[in-house]
Structure formats: structure tokens, C-alpha cells
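Descriptive analysis of the structure
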Amino acid sequence: MCDTLRDGVKSRAGVRTVPVTEAVGMVLAHDITEIRSSEFKGRAFKKGHVVREEDIPRLRRLGKDNLFVMQIAGDEMHEDDAAQALAQALTGEGVALAGAPKEGRINIIAARDGLLKVDKEALARFNMLGEVMCATLHSNTLVKKGQVVAGTRAIPLVMKKMVIEEAVTIARDSAEAVISVKSVRAPKAGIVITGNEVYYGRIQDSFAPVISRKIKECNGEIVGVYYAPDDEQVIESRIRELLAAGADLLILTGGMSVDPDDVTRFAIKRLGAVDITYGSAVLPGAMFLTAYFDTRIPIIGIPACGMYHKTTVFDLVLPRLLAGERIGRKELAELGHGGLCLNCTECRFPVCPFGKC
């Protein structure tokens, strides 16, 4: 809706219309397209361009007798200034802004390799304001330095400062930050493969190659791979040997079901581990276990699915443990939303719905 002013100039929502001959020194509020038959179609003048005297003949040839120009009041902000303020408020450690805003949008990139963390509740409150927005990759995605992890923009061309201030307050009230990238440490992993069938050579071990490969993909080191029969004392001894060798991550495979011979869980308890959580809301990986030795060294128990499925709950939990998160009942329960693997013929993880919530 427009209001006609006495001088013939019209105004509306942050911009005003002026005759092209009176626009010198004013800022264009929109792109102006030029079309030359069979030759060119594209942008002749960019939004934000300051109109010069020499531009007027060309503008008139393009059929522009009037122009939309910026009209920013004291309680308003240009979209690019608004986007800059929004992005700075949204970002925490491990992320950076990808240059200057453009047309009210600015991208946020990872400043280091690591694990993307998004405060989803704060992000939703931010987006509920309506005139601002931010879109991100899924939280708990492994990202590389320089990778775009989010984009934010001011939606109107001219924003009320009070809206931006409210958005900034919401973003800064997040416990850590709405968007951050945590460093992921390189582990020194100790692996214990349990089960009489493997220990006595009745079947070939398939666990060690899979687990070793995944640890090496995290730039980790394998301190040792030990084998143990279904004997609590022997399993406990193998774990203690790995701890003595410097392991800061313990991975035990097999012996995680409810059969009488499956005693791996009891060996972990015998070790004196704390915060033992058995069972996850993920398929494959329902009989997954997490625990901690000396309250700080993570222990992971992987059921038999770890041999047969390329991607399991182990792949969802490992990066978070290496980023310093403590995984327990709540975290494993929350994985139920998105925790159903589709067992695709060709696994595309992590470019798939598995583990996304």
C-alpha cells in the first residue's frame, strides 16, 4: 500500500519511489535487469547501487522513469547490516562468517574439522520471529574446515531494529551457542573381541577389521586388539592390560545379548565401570552399551550387528564421545527419532536419514 506525498514521491515499507532524474545519490532497493535481443539478459544495476548522474540515460533506455530507493528510518536497519548482526549472535566456537553479507544473507562455515552442534530449540525460537531465518545442517554432523554449515538472512529489505535485537537476544541466550563446531580428539583405542567361537578359532573374527578401520578414519591409534573367551575374569584382565598400555577409549565386541554365555557386560561391571547404560533406541544397535572407567574413559560395547552392518549406532555415538560429550540413557533414547537404518543396497551414510533428528 502506497501513500502519495506532496512532491509526487511515493513511499512504502522501507523504500520510496522517486523519478529517475531525482535519484542521483540514492541507493537502489532492487536489481534492474537489462535485456538485449539475442545478445544479453542479466543484471544491469545491482540492489544497493548508488545512482550516479551518468546512470540516468541508461536507466531511461531500460524503461525506468521511476526507481525504488532505500528509505531507512532511525529505528530500522538495512538487510545486510541485520544479517551481520544475526550471524554474529548465532555463532560460537569453531565457526566463522563466510565473508560479508550479500542481499541480506550470510553463510556460516566451519572454522575447523569437527562435530557440528546446533541448539535446535533456540534455533526454532529464532525462526519463529518470522522476519529472520537460519537454516543449518543436522546437529552432530561431522564437518570439514571451510564447509558451509548454516545460512542466515534478514527477510525484509529493511528491518525494524527491535526485531533484530530480539533475534540477537534469543541467539545469545543459548547455553553455549546456537551453532558451533566441537573439536574431535584422535583416540587411543583398545579393542577386546569376546566370544568362545572366535577365541577358539571356530569362526573367523570380523570385528577387528571393521572397528580398526573406523578408528583410523578418526585419525585414531589402535593400542591393541585382544581376544578373550566368555569369561568375566579374562575379559576384565584384557581391559586392564589395554588401560595400562595407554588406551583412552575401550571398545568391546560380542557377548552383549542375553544368552547365558554372554558375559561381556558383567566383565565391564566387574572392572568398576560407572554410568553403565545397556540398550539404545537404534536399529541396528539395540544391545549397545556405554560406560565409563575412572569416570572419564569411555567404554563402548558393540553387539553382533557391528559385524554385519556397515553403519550402526556405533557410528552415531563415536564422534560425540570423541568431541567430549557424555553419552548415557537420555542421549541413547533421543537417537530413536531417526535411528532406523533403511539397510539400503548401497550405504550412503552420512548422506541419509539415519541418525538425523
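Residues numbered from 1 in each chain as written. Predicted model: local features only at pLDDT ≥ 70, side-chain atom pairs only at ≥ 80, totals over all residues. Heavy atoms only, no water.

As a further point, take the sheet that holds strand E8 (residues 95-97). Ordered in space as E8-E9-E13-E11, the 4 strands form an open sheet in which the pairing is antiparallel. The open sheet has two edge strands, E8 and strand E11 (132-136), and neither has a second partner. Between one strand axis and the next, the sheet turns by 20° as a mean value, whatever way the strands run. In the sheet, E8 pairs with strand E9 (residues 105-110) via 3 bridges, with the strands oriented antiparallel. Note on E9: the bridge partner recorded for Leu97 is Ile108. Packed on one face of the sheet, helix H2 (residues 79-90) meets E8, E9, E11 and strand E13 (148-154) and runs near 135° to E13. (Pairing = 2+ DSSP bridges. Helix = DSSP H or I, 4+ residues; strand = E, 2+ residues; numbered from the N terminus. Axes fitted to C-alpha atoms, helices over the stretch in contact; angles between N-to-C directions. Contact = heavy atoms within 4.5 Å.)

It is worth spelling out helix H3 (residues 120-127) at this point. Taken together, the buried positions of H3 are Ala122, Leu123 and Phe126. Along H3, the residues classed as buried sweep out an arc of 100° about the axis, all on the same side. Of the surrounding secondary structure, the elements contacted by the buried residues of H3 are H2, strand E10 (114-118), E11, E13 and helix H4 (161-172). At the N-terminal boundary of H3, the capping side chain belongs to Asp119, with an oxygen 3.3 Å from the backbone nitrogen of Glu121. (Buried < 20%, exposed > 50% of the residue type's maximum accessible area, 1.4 Å probe, protein only. Arc of directions from axis to C-beta. Polar contact = N/O pair within 3.5 Å; in protein donor to acceptor, adjacent residues only side chain to side chain.)

All right, on to the pattern of salt bridges then. Side-chain pairing between opposite charges can occur once the charged atoms of the two side chains come close. For the structure on display, the rule yields 21 salt bridges. In this structure, Lys160 engages Asp75 in a salt bridge whose closest nitrogen and oxygen atoms are separated by 3.1 Å. Of the two residues, Lys160 is situated in strand E14 (residues 158-160) and Asp75 in the loop between strand E6 (66-70) and strand E7 (76-78); the sequence distance between them amounts to 85 residues. A residue is classified by how much of its surface remains accessible, and Asp75, at 41% relative accessible area, is partly exposed. Here Glu217 ties to Arg213 by a salt bridge, and the two come within 3.1 Å at their closest N and O atoms. You can see Glu217 and its partner Arg213 sitting in helix H6 (residues 207-217), 4 residues apart, about one turn around the helix. A relative accessible area of 56% places Glu217 in the exposed class. Since its relative accessible area comes to 37%, Arg213 is described here as partly exposed. (Salt bridge = Lys/Arg side-chain N within 4 Å of Asp/Glu carboxyl O.)

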